[in-house]
Structure formats: structure tokens, C-alpha cells
Amino acid sequence: MKINITPVKQSKINSVDMKHLTFGDVFSDHMLIMDYKNGQWQDPQIVPYGEISISPAICSLHYGQVIFEGIKAFYSKQGKINIFRPQKYHERMNRSCRRLCIPEISYDVFLNCLLELIKLEKAWVPRQRGYSLYIRPFIFATDNHIGVRVSHTYRFMIILSPVESYYKEGLNPVRLITSGEYVRATKGGLGAAKTPANYAASLLPADEAQKKGFTQVLWLDAVTHKNIEEVGTMNICFVINNELVTPPLDGSILEGTTRDSVLKLAREWGIKVNERPITIDELFTASKAGKLNEVFGTGTAAVISPVGEIKHQESSIIVNEGKIGALSQKFYDEVTAIQYGEKPDKFDWIVTI
Ligand code: COI
């Protein structure tokens, strides 16, 4: 595989205030493009970041044959660039590809693309603690055809965005509300794939939640409206009676890499971990009995995000007096310390540049 690089004439980094970033608004100088045609992925190329030209008949715009990923790179204490668990994200990307009938990409090719692009964009990895370079690989179908069928051609791209925290709350607890009307995904559907349709389904309910003063929707299962699933922007974990409980990956939930990292750390620390169905009623009962110690979300963008309040129908629970819990803080500290190279990478999660 040969990567052809067309560098920018002049970097735009000096026009960016790297010390005051928001999430997902600024993009680095270059992007990677790799097309699929005649039954195979072609050589990738790195070109200046910019608009791409597509036909109005491109099938991904009409039928949504698209998948994406979200990965992060960190500027480490050692002055290197640490990419967090690229292999795990790649596995999920290929799972999403299979569900959406998109040709898979080998780990070698994927990692090479990632490394070459980030090497070129080193200056775009923010230097401050709490900031990172968000990596967005995505694949979209490119046949120009109106009609529902699997495309024959695709484009894989990677764009990079220096970011701060995803939620404006930062590490302050977020407020969640369930929806009695809408669902995110159902078993057999697309919920376990990282595909735009899941996020499109969440827009209206999230908008309504935000108008009521909540940060996000806590999704319940589509059939009984009782089992807690995830938040859409993150997986959800509960500390009940000092046991870590999180809904199982049963087909309608995204398999989060941060979720997996937290469960591995918890097991290593001797905390009892229980991946099992948990209903919203059980959560409220545990809270009333004083057994709900902490609630937090896990996600690449969200990292560890404490939850301070959950509203369901007419009732609300306030978690840990609306403050971040000790275990949530410990997970945040540990995961970020590994990401920034401040603690040993015992699990071999980091790929360093
Ligand atoms: C991520 O966590 O990386 C996502 O893609 C979710 C999105 C809310 C940014």
C-alpha cells in the first residue's frame, strides 16, 4: 500500500486558538481518502482538508449506507502521541461494515492510514491535559443510483479535530431524562453499529430533552420500555451497593471502547462487575433504598461523564447529591492517566507515535 501525500502550502494552525477549543468545530490541515472500486480498496491519499465533490444521486445521502468511528490521540507526558486502543475501534468499525454491507478494511491498512495522517498532523494534537485530537474515520457508499441496493463503490476518509470535552458540563454531572415516546434502536436493528441512522433517530428526542433542561436522553428498550440501554452519546454504568452494573451488549447497544476499558479496570481493581439487564424501576427502587451510589456514562467523546439526575415519567432521582462520585472520578483519573502516558499502559492499549 502506497500513500500519496499532497501537503498544504501553508498550515492554518496559527489561526486556531489551541488553548480554547470546543468539540468538533476545528479540523486539521489534511485528510485521508481511500476509494473502493472494482472489488477492492485502492491506494489511499492524503490531501489538504477541504470540500469534496459528490453527485446529488450518491446513494449514501438517500439510503444511509454509512458507518463511522471516533478515536482519540493524546499528547503524552513523554512528548509522544498516544493513540488509544485503535485495534478495538477497528474491530467495531468492521462489525459496523458487516451490518451495513460495506467492504471491510484490514487492520494493517487502517492503522497505516491513521499513523501516516497523524504523523503529518502532529502539531494538531493539543498539548494541554483534558484536550485531545479526535479522529473521525468514516466510510460512505458512493454509487450514483436511486434505488435501494448495496453500493458497488465506497469512500473511506479520516478527518482530525483538536477537541476539549464533549459536554459543556465537563466533569460536572449531566442530567438525563427517559423518553416515553421514542426509541433509539431495537434488537436486530442497527443499534450495535456506529451508523448515522442511530444518531438521526436521537435528534428529536434529544432536542426535546434539552428544551426541558436535560443534557441527553437515557434510552429504554424498544419493546418493554423498561430495560435501560444507553445514552446514544455514551454507554451507561451504575454503582449499586458497590457493584458495577451495566446493561449487556445484546444487539441494540453500541459496544463502547471506554465501556470496555472501565470494565477491565474495575475487574483489575477487584470491583464486582455485573453486565446484566437493569430496569428503570429497579434503579429508582435502589435509589429510594439508598443503594444507588453512582451513575456515570462512558464514551470516547464523553470519556467518563458523571450523571447527577435521572428523570423518568413524573419522578426524578438525584444521584450522589448531584456530585461526581469517588469511583467515577477514579475511572476518569485512571483512564486519562493511561491516555496521557502518566501511568503504565498495563493492558497494551496505547499505540505511540
Ligand atoms: C464518540 O464518542 O466518539 C462518538 O462518536 C459520539 C459522538 C457523541 C461524538
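Please refer to the structure higher up on the page.
Residues numbered from 1 in each chain as written. Predicted model: local features only at pLDDT ≥ 70, side-chain atom pairs only at ≥ 80, totals over all residues. Heavy atoms only, no water.

Draft legend 1. Here's a closer look at the layout of surface pockets. Here the largest pocket defines a volume of roughly 500 Å³. As for the largest pocket, its lining consists of 26 residues, and the residues nearest its centre are F68, Y134, R136, K194 and A301. Elements supplying a minimum of two residues to the lining of the largest pocket: strand 8 (132–141), strand 9 (154–163) and strand 15 (292–299). In terms of residues, the lining of the largest pocket owes the most to one element, strand 9, which gives three residues. Of the residues belonging to the lining of the largest pocket, the class tally is 11 nonpolar, 11 polar and four charged. Composition of the lining of the largest pocket by domain shows at least three residues from each of domain 1 (4–164) and domain 2 (174–339). (1 Å grid on protein atoms, 1.4 Å probe; cavity = no way out; pocket = protein on both sides within 12 Å on 5 of 7 lines; lining within 4 Å. Points joined across faces, edges and corners; volume = space filled by probe spheres on them. Helix = DSSP H or I, 4+ residues; strand = E, 2+ residues; numbered from the N terminus. Nonpolar A, V, L, I, M, F, W, Y, C, P; charged D, E, K, R; others polar. Domains from an automatic or database assignment.)

Draft legend 2. Spatial organisation of the state of the cysteines. Counted according to the given criterion, the structure contains zero disulfides. Residue C97 stays outside any disulfide, its sulfur separated by 10 Å from that of C101, the closest cysteine. By relative accessible area, C97 is classed as buried at 0%. (Disulfide = S-S within 2.5 Å. Buried < 20%, exposed > 50% of the residue type's maximum accessible area, 1.4 Å probe, protein only.)

Draft legend 3. Seen up close, the packing of aromatic side chains. Summed over all chains, the structure comprises 14 aromatic pairs. Here the aromatic rings of F23 and Y166 are separated by 4.9 Å at their centres, their planes lie at 90 degrees, and the arrangement is edge-to-face. Of the two residues, F23 is situated in the loop between strand 1 (4–5) and strand 2 (30–37) and Y166 in the loop between strand 9 and strand 10 (174–178); the sequence distance between them amounts to 143 residues. Ring pairs connect the aromatic residues Y36, W41, F110, Y154 and F156, which therefore count as one cluster. The ring of W269 is capped by K330, whose NZ or CZ atom sits 4.2 Å from the centre of that ring. (Phe/Tyr/Trp six-rings, centres within 6.5 Å; stacked < 30°, edge-to-face > 60°. Lys NZ or Arg CZ within 6 Å of the ring centre and 35° of its normal.)

Draft legend 4. Main features of the pairing of strand 12 (residues 235–240). When you tally the buried positions in strand 12, you get six out of six residues, the bulk of the element. Burial of the side chains of strand 12 extends over both faces: N235, C237 and V239 are buried on one face and I236, F238 and I240 on the other. Bridging between strand 12 and strand 15 involves six bridges; their strand directions are antiparallel. Each residue of the ladder has a partner; that of N235, found in strand 15, is T298. As judged from the three bridges shared by strand 12 and strand 13 (residues 243–246), these two strands associate in the antiparallel manner. In the sheet register, V239 faces strand 13, and the bridge partner there is L244. (Pairing = 2+ DSSP bridges.)

Draft legend 5. Expanded view of the site of the ligand. The ligand sits among F68, G70, Y134, R136, Y166, K194, T233, T300 and A301. Between an oxygen atom of the ligand and a side-chain N or O atom of R136, the distance comes to 3.3 Å. Within the contact set of the ligand, an oxygen atom lies 2.9 Å away from a backbone nitrogen or oxygen of A301. Protein burial of the ligand: of its 280 Å² of free accessible surface, 89% is covered by the chains. (Near = heavy atom within 4 Å. Polar contact = N/O pair within 3.5 Å; in protein donor to acceptor, adjacent residues only side chain to side chain. Areas by Shrake-Rupley, 256 points an atom, 1.4 Å probe, with all protein chains shown as cover.)

Draft legend 6. Helix 6 (residues 280–288), seen in detail. Regarding helix 6, the residues found buried are I280, L283, F284 and A286. The buried residues of helix 6 all sit within an arc of 160 degrees when viewed along its axis, so they share a single face. The exposed residues of helix 6 that point more than 90 degrees off its buried face are T285 and K288. Where helix 6 ends, the next residue or the one after it, G290, has phi of about 75 degrees, a positive value. (Arc of directions from axis to C-beta.)

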